[in-house]
Amino acid sequence: MTDPRRRLPAVDVLLAEPAIAALAAAHPRSLLVRAVRETLDVARANGGEPPAEGWAAAVHERVARAAAPSLAPVINATGVVLHTNLGRAPLARPAIDAMARVAAGYSALEYDLGRGARGSRHAHCRDLLVELTGAADALVVNNAAAALLLALSALARDGEAIVSRGELIEIGGSFRIPDILARSGARLVEVGTTNRTHLRDYAGAVTHQTRVLLKVHRSNFQVTGFTADAPAAELAQLARASGAASLYDLGSGLLLDLSPWGLAGEPTVHEALASQVDLVACSGDKLLGGPQAGILLGSEAAVQACHKDPLARAVRSDKFTLAALEATLALYRDPEAARREIPVLRMLTEDVESIRRRGEALTKDVGKKAKLIDGESEVGGGSFPGAKLKTVLVQLTADRLTADGLAGRLREAELPIIARIHDGHVVLDPRTILPEQTATVARAVRAALDA
Ligand SMILES: *Cc1c(COP(=O)(O)O)cnc(C)c1O
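Per chain, the residues get numbers from 1 upward, laid out in the order the sequence is written. Totals for whole chains, interfaces and linings use all residues, but because this is a predicted model, local features are given only for residues with pLDDT of at least 70 and pairs of side-chain atoms are given and counted only at 80 or more. Where side-chain values are given, they derive from all heavy atoms of the structure, hydrogens and water being excluded.

Chemist: Help me understand the site of the ligand, please; the structure alone is not making it clear to me.
Modeler: Whether a residue is near a molecule or strand depends on its heavy atoms: if one lies within 4 Å, it is near. Close contacts around the ligand come from Arg88, Asn143, Ala144, Ala145, Ile171, Phe175, His217, Ser219, Asp249, Gly251, Ser283 and Lys286, and that covers them all. Any N or O atom pair separated by 3.5 Å or less is treated as a polar contact, with the protein-specific requirement of one donor-capable and one acceptor-capable atom, and with residues adjacent in sequence counted only for side-chain atom pairs. A distance of 2.5 Å separates an oxygen atom of the ligand from a polar side-chain atom of Ser219. Asp249 is positioned such that a nitrogen or oxygen atom in its side chain is 2.8 Å from a nitrogen atom of the ligand. Residue exposure ignores everything except the shown protein chains as possible cover, and the areas themselves are Shrake-Rupley values with a 1.4 Å probe. If the ligand stood free it would expose 380 Å²; the protein chains cover 93% of that surface. Site definitions follow a grid-based scheme: protein atoms alone, a 1 Å grid, a 1.4 Å probe that fits but cannot get out for cavities, and for pockets an open set with protein on both sides within 12 Å along at least five of seven lines, plus lining residues having an atom within 4 Å of a point. To decide whether a molecule occupies a pocket or cavity, check its atoms: if more than half lie within 2 Å of the grid points, it is inside. Given that more than half its atoms are within 2 Å of the pocket grid, the ligand belongs to the second largest pocket. Secondary structure elements follow DSSP: runs of H or I no shorter than four residues count as helices, runs of E no shorter than two count as strands, and numbering proceeds from the N terminus. Breaking the shell around the ligand down by element, the ones donating at least two residues are helix H7 (144–156) and strand E11 (245–251).

Chemist: In this structure, what is going on with the pattern of salt bridges? I would like to understand it.
Modeler: Salt bridge, as used here, is a side-chain nitrogen of Lys or Arg placed within 4 Å of a carboxyl oxygen of Asp or Glu. The tally for this structure, following the rule as stated, stands at 25 salt bridges. Glu353 serves as the salt-bridge partner of Arg356, at 3.4 Å between the closest nitrogen and oxygen. With Arg356 and Glu353 both in helix H17 (residues 352–366) and 3 residues apart, this pair spans about one turn of that helix. Burial status follows relative accessibility: with a 1.4 Å probe on protein chains alone, a residue under 20% of its type maximum counts as buried, one over 50% as exposed, and anything between as partly exposed. With a relative accessible area of 25%, Arg356 lands in the partly exposed category. As a salt-bridge pair, Lys388 and Glu378 come within 4.0 Å of each other at their nearest N and O atoms. Of the two residues, Lys388 is situated in strand E15 (residues 388–396) and Glu378 in strand E14 (residues 370–380); the sequence distance between them amounts to 10 residues. Take Lys388: its relative accessible area is 49%, and that puts it in the partly exposed class.

Chemist: Honestly, the packing of aromatic side chains in this entry has me stumped. Any pointers?
Modeler: The geometry of an aromatic ring pair comes down to the distance between the two centres and the angle between the two planes. We call Phe, Tyr and Trp rings a pair once their centres come within 6.5 Å, taking the six-membered ring for Trp, and we label the pair stacked below 30 degrees between planes, edge-to-face above 60, and tilted otherwise. Inspection of the entire model under this criterion finds 0 aromatic pairs. Whether a charge lies above a ring is judged from NZ of Lys or CZ of Arg, which has to be within 6 Å of the ring centre and within 35 degrees of the ring normal. One Lys or Arg, Arg196, reaches over the ring of Phe226 and ends 3.8 Å from the middle of that ring.

Chemist: Honestly, the packing of helix H18 (residues 403–411) against helix H19 (residues 438–450) in this entry has me stumped. Any pointers?
Modeler: Between two packed helices, what matters for the description is the angle formed by their axes and the separation of those axes. One way to put it is that H18 packs onto H19 with a least axis distance of 9 Å and a crossing angle of 130 degrees. By the criterion of interaxial angle, the relationship of H18 to H19 is oblique. Crossing of H18 over H19 shows right-handed handedness. For the pair formed by H18 and H19, the contact residues are Leu406, Arg409 and Leu410 on the first element and Ala444, Val445, Ala448 and Leu449 on the second. Polar here means any residue other than Ala, Val, Leu, Ile, Met, Phe, Trp, Tyr, Cys and Pro, which are nonpolar, and Asp, Glu, Lys and Arg, which are charged; Gly is therefore polar. When its residues are assigned to classes, the contact of H18 with H19 shows 6 nonpolar, no polar and 1 charged. To get an axis, fit a line to the C-alpha atoms, keeping to the stretch in contact for a helix; angles then go from 0 to 180 degrees between the N-to-C directions. With respect to orientation, any angle under 35 degrees is reported as roughly parallel, any angle over 145 as roughly antiparallel, any angle of 65 to 115 as roughly perpendicular, and every other angle as oblique. Throughout, a crossing is termed right-handed when the near helix is turned clockwise from the far one, and left-handed when it is turned anticlockwise from it by less than a right angle. Contacts are assigned to residue pairs with any non-hydrogen atoms lying within 4.5 Å of each other.

Chemist: Could you clarify how one ought to interpret the side chain of Ser377 in this entry?
Modeler: The residue Ser377 is located in strand E14 in this model. Judged by its relative accessible area of 0%, Ser377 falls in the buried class. A polar contact is formed between the side chain of Ser377 and the side chain of Thr391, at a distance of 3.5 Å. When sequence neighbours within four positions are dropped, the list of residues in contact with Ser377 reads Gly79, Ala387, Lys388, Leu389, Thr391, Asp429 and Arg431.

Chemist: What is the right way to read the nonpolar core from this model?
Modeler: Nonpolar side chains in soluble globular proteins tend to be buried together. Core analysis: the biggest nonpolar cluster contains 47 residues, and Leu329, Tyr332, Leu348 and Val379 have the highest contact counts within it. Bear in mind that the domain bounds are from an automatic or database domain assignment. Of the residues that make up this core, three or more belong to each of domain 2 (75–84 + 344–450) and domain 3 (93–341). The residues touching Tyr332, leaving out its near neighbours within four places in the chain, are Leu132, Leu255, Leu256, Leu287, Leu288, Ala338, Ile342 and Leu345. To qualify as a nonpolar core, a set must consist of buried Ala, Val, Leu, Ile, Met, Phe, Trp, Tyr and Cys residues joined through side-chain atoms within 4.5 Å. Among the nonpolar cores identified, the runner-up in size contains 32 residues, and Phe175, Leu181, Ala186 and Ala302 belong to it.

Chemist: Got a minute to help me understand unusual backbone geometry in this structure?
Modeler: Trans is the common state for peptide bonds, and a negative phi is the common state for residues other than glycine. Look at Asp158: it is not a glycine, yet its phi comes out positive at around 65 degrees. As for its position among the elements, Asp158 is in the loop between H7 and strand E6 (160–164). Here Asp423, not a glycine, exhibits a phi torsion of approximately 50 degrees, which is positive.

Chemist: I tried to follow the environment of Gly265 on my own but got confused; where do I start?
Modeler: Relative to the elements of secondary structure, Gly265 occurs in the loop between E11 and helix H11 (269–274). Each C-alpha atom, one on Gly265 and one on Ala147, is 23 Å from the other, the two residues being 118 residues apart in sequence.

Chemist: What should I look at first to understand the sheet that holds E15 in this one?
Modeler: Strand pairing in a sheet relies on backbone hydrogen bonds, with the paired strands running either antiparallel or parallel. Between any two strands, at least two bridges found by DSSP are needed for them to pair. Spatially, E2-E14-E15-E18-E17 is the arrangement adopted by the 5 strands of the open sheet, whose pairing is mixed. The open sheet terminates on both sides in strands that have one partner only, identified here as strand E2 (80–82) and strand E17 (420–422). Looking at each pair of strands side by side, their axes are set apart by 45 degrees on average, direction ignored. As defined by bridge partners, E17 adjoins strand E18 (residues 425–428) across 3 bridges and the pair is classed as antiparallel.

Chemist: Which parts of the structure should I look at to understand the sheet that holds E11?
Modeler: Taken together, 7 strands build an open sheet; the order of strands is E5-E13-E12-E11-E10-E6-E9 and the sheet is mixed. In this open sheet, the two strands that pair with only one neighbour each are strand E5 (137–141) and strand E9 (187–191). Taken over all neighbouring pairs, the strand axes of this sheet differ in orientation by 25 degrees on average, direction set aside. Packing against the sheet, helix H10 (residues 232–242) makes contact with strand E10 (210–216) and E11, and its axis sits at approximately 175 degrees to E10.

And the structure:
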């Protein structure tokens, strides 16, 4: 008997098959050849069995998979507004347009158009940040982690930084305050206890080596019960009296007071600056709702020290970030426009009735396997820990699929849908589904339920 593996077609024969040759119109030949070879490898491994769906379909599937971008857009139906795994903040239209404009051609990134000479990339967002926050000076870097690393290096390298034991936190993605501090070249001096740290603890630890009093916002967990901590304003005062600097790692860059929408407890950038610390570090893509960025705000001396640090170059932001951040910040000149147009703020402040209407539209489109239930959304991204936002969820019931099976099918949609499982059902939260995505979601859900 002949080995069936010998009967497999040759690469060239498959490439010449009209249904496979036609793929060359849309894909580079190298990709096609690789897909044909891999399809043959699979058949050989299966003892010479041709693919069940036929050669052309198998090659087609492989080419499509290889050609698809790895960093693909998805629909966030989880209700977690700042979902770090899903890219945090979707950008406002003006920010997207600004990015596209500088991407398509040259820009005045480091060029002073007035003088016709070299300028600084740091000029672009600086004035807007100063205008919006009242800080004396500002600097934008790659992300908030980089902002903290740079600030500690600039202010405390080879000296001591005093931190409360209650604030030696991990943010996620292995970002731990003690590790960042060590990398900055500063020596960590721990004071207080996990639940209680007083101003006198800091004061007792100050030596002639002290360079920085660091306050870290506990952005992703809550400490309740018998607790105490020293307010930033008192740390700032103690630092001034001790000849040291004060630094406040705020995490989120909240520029609007969201308490009228039931979101309280997260300090705003204005509140942090009002404490008179020398430097505040915050994020551009958490509550600010812009691109990934780290923002340093504070006194001229502290910001200039950051500029001069050798790490500044290593953590500087790129032109897309600066363009998107500038456009996002410009929206804050009219707080109501910011709330409407910055997607993160719109989602966080959307009222339940509006979410219900969008849920109803979705439910109607999907049919009787969908129904509305009350539920909760989350802010996410290490901000407003513990805060729950009332929402309305679209609960799905599949006849022959488990909840996990249905969630898997939704992730296979052309525009993958990331859903949540709640009480054994797949649920979709309209809060984080962009308004223009409703019809796409309904179509994908129908297909997943019917398949
Ligand atoms: C999120 C966070 C950071 C890190 O911010 P990235 O933008 O992710 O780099 C640092 N400090 C605090 C307190 C945070 O919440």
